[in-house]
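A structural walkthrough
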Amino acid sequence: MMEDAGTQALSDALSSSFRIVKALMALLVVIFLASGMFTVENNQIAVKLRFGRPVGVGEEQRLKPGWHWAFPYPIDEVVKIPVGQSHTITSTVGWYAISPEEEAANVEPQPRVSMTPGVDGYALTADGNIIHVRVNLKYRITDPVRYAFHFASITNLLQHVVDNALLYAASHYHADVALYKDTIGFSEMVLGRVTQIIDDQKLGITLDPSEVRTTAPLDVRPAFDAVLTAQQQGRTRVSDAQAYATSLTNTAVAFARVISNDGVTASNQIVQNVAAEAKSFADQLPSYRTDPALFKKRRLAETLEKVFSNAEEKFFIPARLDGQPRELRLQLNSGPPKPKPEPTAKP
Amino acid sequence: MKPNSITLITGLLLVVIFGAMLFTFQVRQTEIDVVTTFGKYSRSIDQPGLQFRAPWPIQRVYEFDNRIQNFERKYEQTTTRDALNVIISVYVGWRIVDPRLFLERFNGDIANAELTLEPLVRNAKTGVIGKHPFSDLISTNLADIKFDQIEKEMLAAIQPPARTNYGVEVELLGIKQIGLPESITAKVFERMRAERMRLVKKYQSDGEKEAAIIRANANSETNRVLTFAAAEATKIRGEAEKEAARSYDIFAQSPDLAIFLFQLKTLEQSLKERATLLLDERTPPFNMLNGQVVGPSTSK
């Protein structure tokens, strides 16, 4: 009896235990299945690998933003790839050595008289000069499957590509052209080279507007600045000369007009004066012919009247009674000089 | 106890799971796997998916990354055909194409593989650069630059031995950095300064010269304009004199009267302003002050 009770109790206990175990196992199965739920964010796409192989073909492989479910690992594996957002890669070989502190403070380092390999970056230009180039390449992932599954360390590879592109462009450009005269063309060549390699290797990315900066080496920058200053000075000299020429020409044209007008005026005066004198002569001729002597005396008296009236000083010097010559001393031009009219300005 | 169906299913599930762990493996999208049986090569699998195998230690699976790897060769000095020293580094992109050979050579170690590829890259770089003059890399004549060709030659030099000896395919190669020895860069800077100073003088003298030409041309044009204007004015006056001369014909009717009137006019005009006259009793009409009266018989 006692053994039957004990066995029954054990059986009951085992039965309860098994129920608990079964419940736990069922719960584990539910948790196992629920752990396959995941979300794909707005700036992502996901690829589900089932036993290592992408699920779906072509566009179906790409899971868009939202809720999704996959079998838990190791059956399914979800790879999320950022798309849409812009990534940046900066070149490493073309810029001068600068410490992070100097870079943060936007301060340039001290000029160096030479470039140390492995420390200072630079690019050689077509004319054998040295310039610094920095590229900040911005890109977006447009083929996430290719980007994620065909290249290891793709950001490293992109950096190599950017470095190659800036060297390539520098080798095709003269220093002055890359630095000042055609910075846009230089930038286009750098980015064009990057695009070409991206397309050839099908890296699965597209470039966004990127920045290409060039600058002269710090040690020779004053010499480059002097060239720009000299160019500006030369242009200023030419501009000043052109202004002088314009002013001079305009003044000459104006004065020529004055000369011409004076000539016309003088010619008119000549014609009119002679015509007036001829008319006066014709008017007086009959009187003269009537009595020439009387005419002359009359006209002389009239003229002398005017002359004596206009004269500023008149001295009547009677003869000496003894008939000797009289010595006369006069101070001439005792008054202030008459002001002369100002002449017209001549170029 | 009656057999429980749920327990049975659960048990079967556990058997399946353990069986899968022992007898299956995954080849991921980014992998290429090699299966060996008792250490001897059996097969390579480059397609992703679920594969079957015998459990270890019967069979072992080696997993390799089948993506394109990349590394950068050291920045080292080499010599061009025209004996100029340049410092060049290149980057290489490669991937495993013969996993069996790759396993035998490197036991699957990618870092070891890159270390082994480095001498290949160095030899290719030195050999190719040594066949080209410096102007093939850097030249003012853009048609001389053979940047792409040099890269292609280096790639072509590396690919066969890499494939044959190591089971890797070098997919891409590019020049990452070109430089000059440090002492040469100092000389380059000196030359750049000298060139800039020459340009400064040139721009200054060009500006002076152009300005002088502009000024000289302006002066010349001014003289021409004024001379022309003076000539035209003289011409106009001449024509006026010619026209006026027609009026002089009337004076021929009585030259004596004409001369008399001209003299009167001259007398009046010349003594018009600021004149000082000295007169005596002989000058009419002041001779009247002596009591002289001039009649018709005494007219001159």
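Residues numbered from 1 in each chain as written. Chains lettered and ligands numbered in written order. Predicted model: local features only at pLDDT ≥ 70, side-chain atom pairs only at ≥ 80, totals over all residues.

So, the overall build of chain A
Secondary structure summary: chain A contains 8 helices and 11 strands in total. The C-alpha atoms of chain A give 54 Å as radius of gyration, which overshoots the globular expectation for 347 residues (20 Å, by more than 25%). Each principal axis of the C-alpha distribution contributes one length, and for chain A these read about 205 × 50 × 45 Å. Each of the 347 residues in chain A was classed as buried or not, and the buried ones make up 25%. Sequence-distant contacts, at least 24 apart, represent 76% of the contacts inside chain A between residues at least 6 apart. (Helix = DSSP H or I, 4+ residues; strand = E, 2+ residues; numbered from the N terminus. Rg over C-alpha atoms; globule rule 2.2 N^0.38 Å. Buried ≥ 20, exposed ≤ 12 C-beta atoms within 10 Å, placed from the backbone. Contact = placed C-beta atoms within 7 Å.)

Quick word on the packing of helix 4 (residues 154–171) of chain A against helix 6 (residues 183–201) of chain A
Residues and elements named next belong to chain A. Running from N to C, helix 4 and helix 6 point in directions that differ by 135°, and their axes come no closer than 8 Å. Here helix 6 runs oblique to helix 4, going by the angle between their axes. In the crossing of helix 4 with helix 6, the sense of the turn from one axis to the other is right-handed. Residues Val161, Val162, Ala165, Leu166, Tyr168 and Ala169 of helix 4 form the contact with helix 6, whose participating residues are Phe186, Met189, Val190, Arg193, Val194 and Ile197. Looking at the contact of helix 4 with helix 6, its residues break down into 11 nonpolar, no polar and 1 charged. (Axes fitted to C-alpha atoms, helices over the stretch in contact; angles between N-to-C directions. Parallel < 35°, antiparallel > 145°, perpendicular 65-115°, else oblique. Left-handed = near helix turned anticlockwise from the far one by under 90°. Nonpolar A, V, L, I, M, F, W, Y, C, P; charged D, E, K, R; others polar.)

A closer look at the environment of Ile45(B)
As for its placement among the helices and strands, Ile45(B) is situated in strand 3 (residues 40–45). When residues no more than four places from it in sequence are discounted, the contact partners of Ile45(B) are Val27(B), Asp33(B) and Gln51(B).

Thoughts on the environment of Gly130(B)
All names here are of chain B. Checked against the element boundaries, Gly130 lands in the loop between helix 3 (110–129) and helix 4 (147–166). Using a count of 12 C-beta atoms within 10 Å as the deciding quantity, one classes Gly130 as exposed. With 40 residues separating them along the chain, Gly130 and Val90 place their C-alpha atoms 15 Å apart. If we ignore the near neighbours within four places in the chain, the residues touching Gly130 are Thr79, Thr80 and Arg81.

A short note on the domain arrangement of chain B
Residues and elements named next belong to chain B. For chain B, the domain assignment lists domain 1 (5–65) and domain 2 (69–180). A C-alpha centroid distance of 38 Å is found between domain 1 and domain 2. Listed per partner, the contact involves 7 residues of domain 1 and 8 residues of domain 2. Elements represented by at least two residues in the side of domain 1 that touches domain 2 include exactly strand 2 (31–37), strand 3 and strand 5 (59–65). By residue class, the composition of the side of domain 1 that touches domain 2 is 5 nonpolar, 1 polar and 1 charged. (Domains from an automatic or database assignment.)

A closer look at the interface of chain B and chain A
Listed as interface residues are 98 residues of chain B and, on the opposing side, 100 residues of chain A. The biggest single contributor to the side of chain B that touches chain A is helix 5 (residues 182–248) of chain B, with 40 residues. Among the residues forming the side of chain B that touches chain A, the class breakdown is 50 nonpolar, 24 polar and 24 charged. Note: strand 11 (residues 313–316) of chain A against strand 10 (residues 276–279) of chain B, 4 bridges, orientation parallel. Paired with Lys314(A) across the bridge in strand 10 of chain B is Leu277(B). (Pairing = 2+ DSSP bridges.)

Brief notes about the domain arrangement of chain A
Residues and elements named next belong to chain A. Parsing chain A into structural domains produces domain 1 (8–82), domain 2 (87–96 + 118–216) and domain 3 (228–307). Averaged C-alpha coordinates put domain 1 and domain 2 at centres separated by 44 Å. In this assembly, 7 residues from domain 1 lie in contact with 5 residues from domain 2. Here the element with the most residues in the side of domain 1 that touches domain 2 is strand 6 (residues 76–82); it accounts for 3 residues. Of the residues in the side of domain 1 that touches domain 2, the class split is 5 nonpolar, 1 polar and 1 charged.

Here's the deal with the sheet that holds strand 2 of chain B
The strands making up a sheet are joined through hydrogen bonds of the backbone, oriented either antiparallel or parallel. Residue and element names in this part refer to chain B. Strand order in this open sheet of 3 strands is 3-2-5, and the pairing throughout is antiparallel. Each edge of the open sheet is held by one strand with a lone partner, namely strand 3 and strand 5. Each strand axis lies, on average, 25° off the axis of its neighbour in the sheet, ignoring direction. The pairing of strand 2 with strand 3 spans 5 bridges and is antiparallel. Across the sheet, the residue bridging to Thr37 is Lys40, located in strand 3.

Topic: the pairing of strand 9 (residues 168–179) of chain B
All names here are of chain B. Among the 12 residues that make up strand 9, 9 are buried, leaving the element largely enclosed by the rest of the structure. Alignment of strand 8 (residues 85–96) against strand 9, held across 10 bridges, turns out to be antiparallel. Bridge assignment links Ser89 to a residue of strand 9, and that residue is Gln177.

As for the packing of helix 7 (residues 221–290) of chain A against helix 5 of chain B
Packing of helix 7 of chain A against helix 5 of chain B leaves a shortest axis separation of 8 Å and a crossing angle of 5°. With respect to each other, helix 7 of chain A and helix 5 of chain B are oriented roughly parallel. Partitioning the contact of helix 7 of chain A with helix 5 of chain B into residue classes produces 39 nonpolar, 13 polar and 16 charged.

Considerations on unusual backbone geometry
In this structure, the amide linkage connecting Trp56(B) to the following residue, Pro57(B), adopts the cis form with an omega of 15°. By the element assignment, Pro57(B) lies in the loop between strand 4 (49–52) and strand 5. The backbone of Asn106(A) sits at a positive phi, close to 60°, despite the residue not being glycine. Looking at the element boundaries, Asn106(A) is found in the loop between helix 2 (100–104) and strand 8 (123–124).

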